[in-house]
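Below, each chain spelled out in residue letters.
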Amino acid sequence: MDMKINFLPAKTWNWLRMNETEVKQVKADRQALEKEEIPETFAVEASILEPIKTGMGPDMDKLAEQSGFAAKAYRMPAGIKEAAALRLGFVCKDQTASLDLIDLIAEENSEMTVVMDYASDADAEGLCSVRTRAKVGKGALLRLVQIDCLGKGFRVLNDVGSICEDQGRIEMVHIFLGGGKIYQGCQTELLGNESSLQSDIGYLLQDNQRLDMNYVALHEGKRTNSEINASGVLKDASSKLFRGTIDFQHGSAESVGAEKEDVLLMGDDVVNQTIPLILCAEEDVKGSHGASIGQLDEETLFYMQARGISEEQAYALMADARIEAVCQKIPDETAQKLVRAYLGGDAADECEKNS
């Protein structure tokens with residue numbers, strides 16, 4: 001099927017054709033989830049979180065319906081604060097098209113950490129699609145980490161939707177290193193009063209990679225808080241489109257939302273597109289956005305060269321520093337090592353070995 005995904009909540013910049021994205025010939029004939037490490041406290045049971053909308057939009061749900069696959073659910077019981085992470089490893093085979101449907105439920109006053117990594121052989125090609133929906137109960141905390149370590153021949157559809165009840169918190173870390181064309185959708189509804197979202201995104205794009213993102217924070221409860229931070233590097237004719245929306249809906253008084261992007265451009269052949277959007281239907285709110293986009297400034301470059309560091313080495317160090325800053329936000333040491341191994345070389349093999 002052909003899909004239209006990553007819609008902006010309010011269309012803008014029509015002449016640039018960035019309000020949504022079309023993806024052609026998408027199908028799914030298998031599932032890629034092969035490796036699970038499930039702490040005993042996770043009660044695994046059937047669960048379909050149908051009311052939860054995701055960042056890509058309804059076509060992802062249509063793909064799920066056509067596949068006939070059932071969502072796999074993981075639940076953290078009320079009041080349990082589990083130190084061990086739930087680790088899910090998605091291993092994508094060459095010339096296959098996969099779809100996995102994951103439901104996460106953090107019940108009242110619980111804490112849940114989920115690490116998902118996507119791996120393949122370095123020269124493999126195919127489609128890897130994952131839809132993750134999450135419900136965060138009152139006073140609960142969900143930490144969700146998703147890491148793309150796929151070969152450059154893969155198309156990636158990574159879709160996330162979540163809701164937070166009163167004082168619920170969700171902390172997301174997304175790191176995109178692999179894949180050729182990567183599509184990322186993420187929508188969080190802050191339904192409850194004093195609920196919050198912290199989203200940190202890191203990416204290193206090279207070799208003509210394309211990353212298309214759509215992040216939406218819907219503020220519905222009072223005194224809600226959202227923070228979306230993206231930091232990445234573009235090189236070797238790669239391109240990136242970032243849509244970031246903070247939507248203060250009626251009834252979200254005293255809420256705060258902020259988004260920030262830091263992009264390092266390494267070459268004249270890269271393409272960077274950014275759409276920051278703040279929508280407001282409530283008066284007593286605070287929204288902000290900012291971006292730092294460009295090459296290394298001459299003063300920083302001169303400082304590093306004066307200490308024997310070449311221009312090429314300086315850019316490489318700054319690129320690694322951006323990914324490392326996001327990597328340190330991952331609340332799982334094994335997952336941190338996975339990212340560092342990928343950056344160190346032999347990417348897919350290391351990712352699969354550490355899954």
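Structure shown above.
My aim in this report is to walk through the structure given alongside it, one point at a time. None of the values given here were measured: they were computed from a predicted structure.

Moving on, we come to the overall build of the protein chain. Looking only at helices and strands, the protein chain features 5 helices and 19 strands. Taking 20 Å as the expected radius of gyration for a compact globule of 355 residues, we find that the protein chain reaches 20 Å, a close match to that expectation. Taking the principal axes of the C-alpha coordinates as reference, the protein chain spans close to 55 × 50 × 40 Å. Expressed as a percentage of the 355 residues in the protein chain, the buried residues total 55%. Of the contacts made within the protein chain by residues no fewer than 6 positions apart, 85% connect residues no fewer than 24 positions apart.

Per the stated rule, a full pass over the model turns up 0 disulfides. The structure places no disulfide on Cys164, whose sulfur is separated from the nearest cysteine sulfur, that of Cys186, by 11 Å. Take Cys164: its relative accessible area is 0%, and that puts it in the buried class. Cysteine Cys327 is unpaired, with the sulfur of Cys149 as its nearest cysteine sulfur at 10 Å.

It is worth spelling out the sheet that holds strand β16 (residues 239-248) at this point. Pairing within the open sheet is parallel, and its 8 strands lie in the order β4-β6-β8-β10-β12-β14-β16-β18. Each edge of the open sheet carries a strand with a single partner, namely β4 (72-76) and β18 (271-280). Each neighbouring strand pair of the sheet contributes to a mean axis angle of 10°, computed without reference to strand direction. Pairing between β4 and strand β6 (residues 96-106): 5 bridges, direction parallel. Looking across to β6, one finds that Arg75 is bridged to Ile105.

As for its position among the elements, Lys138 is in the loop between β8 (125-136) and β9 (141-149). For Lys138 and Glu171, which are 33 residues apart along the polypeptide, the C-alpha to C-alpha distance reads 15 Å. Discounting residues that sit within four places of it in the chain, Lys138 has contacts with Glu108, Asn109, Glu165 and Asp166.

Even without being glycine, Asn208 reaches a positive phi, approximately 65°. Within the secondary structure, Asn208 is located in the loop between β13 (196-205) and β14 (210-219). At Ala237, a position not held by glycine, the phi torsion is positive, near 60°. Mapped onto the elements of the fold, Ala237 is located in the loop between β15 (225-235) and β16.

Turning our eyes to something else, we now look at a negative patch on the surface. A grouping of Asp94, Asp121, Asp123 and Glu125 is seen on the molecular surface, where their side chains present a negatively charged patch. Following the sequence through the fold, Asp94 ends up in the loop between β5 (86-91) and β6.

Counting across every chain of the model gives 2 cavities of 30 Å³ or more. Around the largest cavity, the lining residues are Phe242, Glu259, Lys260, Glu261, Thr274, Pro276, His289, Gly290 and Ala291. Going through the elements one at a time, β17 (255-266), β18 and β19 (285-294) are the ones with two or more residues in the lining of the largest cavity. Across the lining of the largest cavity, the residue classes tally to 3 nonpolar, 3 polar and 3 charged. Those elements that provide at least two residues to the lining of the second largest cavity are β9, β10 (153-164) and β11 (169-176). Tallied by class, residues from the lining of the second largest cavity come to 5 nonpolar, 3 polar and 1 charged.

Reading the values: the criteria
- Residues numbered from 1 in each chain as written.
- Predicted model: local features only at pLDDT ≥ 70, side-chain atom pairs only at ≥ 80, totals over all residues.
- Heavy atoms only, no water.
- Helix = DSSP H or I, 4+ residues; strand = E, 2+ residues; numbered from the N terminus.
- Rg over C-alpha atoms; globule rule 2.2 N^0.38 Å.
- Buried < 20%, exposed > 50% of the residue type's maximum accessible area, 1.4 Å probe, protein only.
- Contact = heavy atoms within 4.5 Å.
- Disulfide = S-S within 2.5 Å.
- Pairing = 2+ DSSP bridges.
- Axes fitted to C-alpha atoms, helices over the stretch in contact; angles between N-to-C directions.
- Patch = residues over 30% accessible without salt bridge, like charges linked within 9 Å, V, L, I, M, F, W, Y side chains within 5 Å.
- Areas by Shrake-Rupley, 256 points an atom, 1.4 Å probe, with all protein chains shown as cover.
- Salt bridge = Lys/Arg side-chain N within 4 Å of Asp/Glu carboxyl O.
- Lys, Arg positive; Asp, Glu negative; His and termini not counted.
- Charge placed at Lys NZ, Arg CZ, Asp CG, Glu CD.
- 1 Å grid on protein atoms, 1.4 Å probe; cavity = no way out; pocket = protein on both sides within 12 Å on 5 of 7 lines; lining within 4 Å.
- Points joined across faces, edges and corners; volume = space filled by probe spheres on them.
- Nonpolar A, V, L, I, M, F, W, Y, C, P; charged D, E, K, R; others polar.

The values reported here are purely geometric and, on their own, carry no functional implication.
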